[in-house]
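What the coordinates show
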Amino acid sequence: MNDIMRSKTSTQLFQYWNLIRGDRELPRRDEIEPSAIRTLLPDLFILERDRFGSIKFRLAGTHVCALFGQELRGQQFGTLWFGTQAGRTLQVSRQVMARHVPVMLSAMALTEDRRELEIEALLLPLASNEGHSDRILGSLSPLSRPYWLHAAPVSGLDVRGLRVLDPDRTAALLREPAMDDAFPPGIRRVQHLRVFEGGRDA
């Protein structure tokens with residue numbers, strides 16, 4: 001995956017998730033040992049699906065909150081993304097849970113004064129103790145550290161691409177109607193990558 005992931009945090013979290021799941025589709029959330037990934041914790045978050053189908057932050061690391069200049073716990077995951085991308089990323093998150101597949105989003109973070117910062121967002125499904133996939137372990141990793149990072153809050157994220165990190169199941173996932181609805185015509189697919197055309201739409 002080193003040729004796909006540019007962030008050390010993304011790479012290490014994905015390796016850890018693979019290690020604890022073994023030969024299963026996904027690990028249980030009680031198998032996550034924070035001490036084993038303590039250096040990654042500031043850039044990590046956990047999403048949960050509520051009974052209404054919304055995807056919210058259950059936990060968010062200090063760096064993730066600092067990036068947006070606010071506490072994210074309890075907030076909708078979709079509110080981080082510009083315009084119609086809020087609905088698209090919601091559907092992607094649901095597919096991560098429903099299909100038990102890891103996904104990586106590439107995005108551009110934008111501040112109010114139009115500063116830009118490349119971001120990787122990794123979404124990894126987690127199972128409950130009963131085996132239901134209802135949470136996501138994720139990371140949000142800046143790909144550089146400009147002088148203004150955490151001083152000028154990011155106002156939103158502009159999705160540039162999506163990659164399914166399971167080559168054996170990519171084709172089946174991308175044929176799913178829900179995934180197609182999340183990415184309407186105008187989004188270019190490059191192998192396992194779908195690229196949002198047109199940039200920010202809000």
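Residues numbered from 1 in each chain as written. Predicted model: local features only at pLDDT ≥ 70, side-chain atom pairs only at ≥ 80, totals over all residues. Heavy atoms only, no water.

**Here we look at the nonpolar core**
- Ranked by internal contacts, the top residues of the largest apolar core, which has 34 residues, are Phe77, Trp81, Leu123, Leu140 and Leu157.
- Where this core is concerned, the elements lending two or more residues are β1 (44-49), β2 (55-60), α2 (62-68), α3 (85-99), β3 (103-111), β4 (116-127), β5 (133-142) and β6 (154-164).
- In terms of residue count, the dominant contributor to this core is β6 (5 residues).
- Not counting residues up to four positions away in its chain, the partners in contact with Leu157 are Phe68, Leu80, Trp81, Phe82, Gln85, Ala107, Met108, Ala109, Ile119 and Leu140.
- Counting 19 residues, the second-largest nonpolar core is a separate cluster that includes Tyr16, Ile32, Leu44 and Leu165. (Core = buried A, V, L, I, M, F, W, Y, C linked by side-chain atoms within 4.5 Å. Buried < 20%, exposed > 50% of the residue type's maximum accessible area, 1.4 Å probe, protein only. Helix = DSSP H or I, 4+ residues; strand = E, 2+ residues; numbered from the N terminus. Contact = heavy atoms within 4.5 Å.)

**A look at α3**
- Between its first and last C-alpha, α3 extends 20 Å over 15 residues, near the 21 Å set by a 1.5 Å rise per residue.
- When α3 is considered as a whole, its buried residues turn out to be Gln85, Arg88, Thr89, Val92, Ser93, Gln95, Val96 and Met97.
- Downstream of α3 by one or two residues, His100 has phi in the positive range, about 60 degrees. (Expected span 1.5 Å × (residues − 1).)

**Regarding the packing of aromatic side chains**
- In total, this model carries 5 aromatic pairs according to the counting rule given.
- Their ring planes at 75 degrees and their centres at 5.8 Å tell us that Phe77 and Trp81 sit as a pair that is edge-to-face. There is no split in this pair, since Phe77 and Trp81 are both buried.
- Taken together, the aromatic side chains of Phe45, Phe57, Phe77 and Trp81 make up a single cluster linked through ring pairs. (Phe/Tyr/Trp six-rings, centres within 6.5 Å; stacked < 30°, edge-to-face > 60°.)

**Topic: the environment of Trp81**
- With respect to the helices, strands and loops of the structure, Trp81 is situated in the loop between α2 and α3.
- For Trp81, a relative accessible area of 4% translates into the label buried.
- The sequence separation of Trp81 and Leu157 amounts to 76 residues, and the corresponding C-alpha distance is 4.7 Å.
- With sequence-adjacent residues up to four places away left out, Trp81 is seen in contact with Ala86, Thr89, Leu105, Ala107, Ala121, Leu157 and Val159.

**Overview of helix α1 (residues 8-21)**
- Between its first and last C-alpha, α1 extends 20 Å over 14 residues, near the 20 Å set by a 1.5 Å rise per residue.
- Along α1, the residues classified as buried are Thr9, Ser10, Thr11, Leu13, Phe14, Tyr16, Trp17, Ile20 and Arg21.
- In this fold, the buried residues of α1 make contact with β1, β4 and β5.
- Immediately downstream of α1, the backbone of Gly22 shows phi near 65 degrees, a positive value.

**Section: the pattern of salt bridges**
- Counted according to the given criterion, the structure contains 10 salt bridges.
- In this structure, Glu48 engages Arg135 in a salt bridge whose closest nitrogen and oxygen atoms are separated by 3.7 Å. Note that Glu48 is positioned in strand β1 and Arg135 in strand β5, a separation of 87 residues in sequence.
- For Arg135, a relative accessible area of 14% puts it in the buried group.
- A salt bridge links Asp113 to Arg115; the nearest nitrogen and oxygen atoms lie 3.0 Å apart.
- With relative accessibility at 27%, the residue Arg115 sits in the partly exposed group.
- Linked by salt bridges that have partners in common, Arg24, Arg28, Asp30 and Glu31 make up one network. (Salt bridge = Lys/Arg side-chain N within 4 Å of Asp/Glu carboxyl O.)

**Points about the pairing of β4**
- By the criterion of burial, β4 is predominantly enclosed, with 10 of the 12 residues buried.
- Bridge analysis of β3 against β4 gives 8 bridges, and the strand direction is antiparallel. From the neighbouring strand, Ala109 faces β4, where its bridge partner is Leu117.
- Two successive antiparallel strands, β3 and β4, enclose a turn made up of 4 residues, where Arg114 displays a positive phi of approximately 75 degrees.
- Two elements, β4 and β5, share 9 bridges in a ladder whose sense is antiparallel. (Pairing = 2+ DSSP bridges.)

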